Amino acid sequence: MSNLQTSKGSKEQAGLRYPSNGKTIYHRPLNRTRTSELSQASFAYLFSEMVGYASKRIESIQDLEKRLNTQGHPIGLKLLDLLLHREPTRSQLRPLNIIALLHLIKQQVWTSLFGRAADGLEKSSDPSKPDEYMIIDNEPLVNAYISVPKDMSQLSCAAYVAGIVEGVCDGSAFPARVTAHSVGKQQQGGEDGGAGGADGGKEMWPGRTVFLVKFAPEVMEREGFLGKG
Amino acid sequence: MGIFALIIINKAGGLIYNRTFSEGLNQLNTNDYLVLAGTFHGVHAITARLNPIKEPPSPPSSGGSPNRAEPASGLEVMETENFRLQCFNTLTGTKFLLFTDTMQSNVDGTMRKIYELYADYVMKNPFYQLEMPVRCDMFERKLNSYIREINSSR
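These remarks concern the structure in this document. (Residues numbered from 1 in each chain as written. Chains lettered and ligands numbered in written order. Predicted model: local features only at pLDDT ≥ 70, side-chain atom pairs only at ≥ 80, totals over all residues. Heavy atoms only, no water.)

Considerations on the sheet that holds strand 2 (residues 15-20) of chain B
Residues and elements named next belong to chain B. Selection rule: Two strands are said to pair when DSSP picks up at least two bridges between them. A run of H or I in DSSP counts as a helix once it spans at least four residues, and a run of E counts as a strand once it spans at least two, with each numbered from the N terminus. Lines fitted to C-alpha atoms define the axes, with helix axes restricted to the stretch in contact, and inter-axis angles between N-to-C directions lie between 0 and 180 degrees. The criterion used for residue contact is that any of the two residues' heavy atoms lie within 4.5 Å.
As summarised here, the arrangement of the five strands in space is 2-1-5-4-3, forming an open sheet in which the pairing is antiparallel. Strands with a single pairing partner mark the edges of an open sheet, and in this sheet they are strand 2 and strand 3 (77-79). Along the sheet, successive strands turn relative to each other by an average axial angle of 10 degrees, direction set aside. For strand 1 (residues 3-9) and strand 2, the ladder comprises five bridges, and the chain directions are antiparallel. Following the sheet pairing, Ala 5 is matched in strand 2 by Thr 20. Packed on one face of the sheet, helix 2 (residues 107-121) meets strand 1, strand 2, strand 4 (84-89) and strand 5 (95-100) and runs near 135 degrees to strand 5.

Remarks on the environment of A:Val213
All names here are of chain A. Selection rule: Burial classes: relative accessible area under 20% of the type maximum marks a residue as buried, over 50% as exposed, and values in between as partly exposed (1.4 Å probe, protein chains only).
Counting through the fold element by element, Val 213 comes out in strand 4 (residues 209-215). Given the relative accessible area of 0%, Val 213 is considered buried. A sequence separation of 36 residues divides Val 213 from Arg 177, and the C-alpha atoms of the two residues are 5.9 Å apart. Those residues in contact with Val 213 that sit more than four places away from it in its chain are Leu 102, Asp 131, Glu 132, Tyr 133, Ile 135, Val 165, Cys 169, Ala 176, Arg 177 and Val 178.

Some words on the packing of aromatic side chains
Short version of the rule: We call Phe, Tyr and Trp rings a pair once their centres come within 6.5 Å, taking the six-membered ring for Trp, and we label the pair stacked below 30 degrees between planes, edge-to-face above 60, and tilted otherwise. Here, over-ring charges are defined by two tests on the NZ atom of lysine or the CZ atom of arginine: distance to the ring centre within 6 Å, and angle to the ring normal within 35 degrees.
Taken as a whole, this structure holds 14 aromatic pairs over all chains when the rule is applied. Look at B:Phe88 and B:Tyr115: their rings are 5.2 Å apart centre to centre, the planes differ by 65 degrees, and that puts the pair in the edge-to-face class. Taken together, the positions of B:Phe88 in strand 4 and B:Tyr115 in helix 2 put the pair 27 residues apart, joining distant regions of the chain. Owing to a relative accessible area of 28%, B:Phe88 belongs among the partly exposed residues under this scheme. Residue B:Tyr115 is classed as partly exposed on the basis of its relative accessible area, which comes to 31%. The rings of B:Tyr17, B:Phe88, B:Phe96, B:Tyr115, B:Tyr118 and B:Phe139 are connected pair by pair, giving a single aromatic cluster. Over the aromatic face of A:Phe174 sits the side chain of A:Arg222, whose NZ or CZ is 4.7 Å from the ring centroid. Over the ring of A:Tyr145 we find B:Lys124, and its NZ or CZ is 4.5 Å from the ring centre.

Structure below.
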């Protein structure tokens, strides 16, 4: 509170600039969100610059993905708090198991970020990797206008969203590593090289992206105990 | 036949994109394309200066923003027996040249849409370097499907 009052009192303070009506983002109520939509074009330009910034002096594509991931991480941490705050008081609980957490990400997180829920949620079919889950987005908003050059074909700029998801997981005490993989493109590349196998679903979504969530061993251990109890 | 070809020229007169959309056209080699782009750029600059009407003296503006006249636009359309060339010069000096059939209708609308695709899929792509040749898969894909739609509807 004291911060708000000082900011009103001394407007000529250097550094932060205040709108003429004196209302900064901190004066807005945390709860009202329905109408706060942003222009996709402005976001596209901003994100384009973020990718440009992150690709300065990088040594490898993994390096670039790591940087985008790092840019997204704090957003996830903060977004988790904000979304839980916006829940009705009775259901203001942080997710307690993996399924609840992933469901929260698929529904609330995705809706608040992109205006719609994610397109799919899957558990890894490989029995040797029970700690891997997949969140699927058919056309990620961040990649809407991005064409990745051929020499960086394994790059997915959705690594930024992966960073956000990782932030949400870390914030709710489910440490995880999240990576983004564009599967639509790989499929296309494979088709170009080999026999033209027509896979309708993959053809329809060239930008289909899978967010691979790999939880830390301690999370799986805890999940095991919870399951027994 | 509809739309034949699209050429994009950057503000320095360099060719940054060229593509043909229908079969059985005379082909140019890359060098000829570059020469064509450079020549057109020069001709366009000349036509922009060829204005027979004397410009009215600008009234002294009283405060506020100065009243600037719209600059002369230069060559916009060139029609021949076999094709029609429409040129669209953006505010930043990028030129879009669209070669169409002489009977093609609503070329302005098509041009606007192509500019929109360019603004979306080229300018918002972090891997595109300004003034350099356009190599963006998404732009290519969207443009092809848009032009194919127009060409097949006739």
